[in-house]
Amino acid sequence: MNIFIMRHGEAITFAAKDRDRELTDSGRDEVIAMTKRCANDFVTVDEIWASPYVRTQQTASLVSKIIDKKIITHNFLTPTSNPDTVLKMLTQADKTILIVSHQPLVGTLVDKLADLETGRYRMGTSAVANISLPFWATGCGELSWLYQPGD
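So, here is what we can say about the structure in this document. (Residues numbered from 1 in each chain as written. Predicted model: local features only at pLDDT ≥ 70, side-chain atom pairs only at ≥ 80, totals over all residues. Heavy atoms only, no water.)

## Some words on the nonpolar core
As a rule of thumb, nonpolar side chains are buried together in soluble globular proteins. By size, the foremost hydrophobic cluster in this structure holds 22 residues, and its most contacted members are I3, I5, W49, V86, L90, I99 and M123. Elements that contribute at least two residues to this core include exactly β1 (2-7), α3 (83-93), β4 (97-101), α4 (105-113) and β5 (128-132). Top contributing element to this core by residue count: α4, with 5 residues. If near-sequence neighbours (up to four positions away) are discounted, I5 is found in contact with L98, I99, V106, L109, V110, L113, M123, A127, V128, A129 and I131. Counting residues in each nonpolar core, the second largest holds 18 residues, with L23, C38, I48 and A60 among its members. (Core = buried A, V, L, I, M, F, W, Y, C linked by side-chain atoms within 4.5 Å. Buried < 20%, exposed > 50% of the residue type's maximum accessible area, 1.4 Å probe, protein only. Helix = DSSP H or I, 4+ residues; strand = E, 2+ residues; numbered from the N terminus. Contact = heavy atoms within 4.5 Å.)

Take a look at the structure:
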């Protein structure tokens with residue numbers, strides 16, 4: 001099994017509400033470049049799960065246009081969501097999912113799934129990680145790769 005975890009692209013620094021921050025032009029370009037870089041790996045993706053925040057919806061939309069996968073919005077993918085809730089939902093999905101969300105959630109998911117020291121990997125904007133798992137369980141995965149923009 002595989003899971004892909006992506007942080008949203010670079011967003012504007014201020015909006016009336018954090019959830020309303022939009023991607024910058026540079027953020028859009030980074031998302032497109034990263035998606036094209038990962039396109040061969042993304043062929044196995046069944047669904048894209050995204051946070052309801054504007055910047056993640058925009059990121060997921062750009063990815064979806066390139067890999068032609070359905071986006072499902074989940075309220076449990078916001079920046080301060082409980083990672084254990086996300087892990088529980090993944091075990092119930094039994095599909096290859098591309099999660100589009102926020103720091104610190106995305107970094108925590110990578111750490112928990114691959115049994116890495118907490119905070120070892122901070123994901124920059126548009127970063128994508130791939131974790132392979134023999135089955136859905138915390139700590140049994142292996143970080144196959146983590147691409148940061150500009151790598």
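## Side note on the side chain of S81
Within the element layout of this structure, S81 appears in the loop between β3 (71-73) and α3. Overall, the relative accessible area of 15% leaves S81 in the buried class. From its side chain, S81 meets the backbone oxygen of F76 in a polar contact 3.1 Å long. Of the polar contacts made by the side chain of S81, one reaches the side chain of T78; its length is 2.8 Å. For S81, the residues in contact, after removing those within four places along its chain, are N75, F76 and L105. (Polar contact = N/O pair within 3.5 Å; in protein donor to acceptor, adjacent residues only side chain to side chain.)

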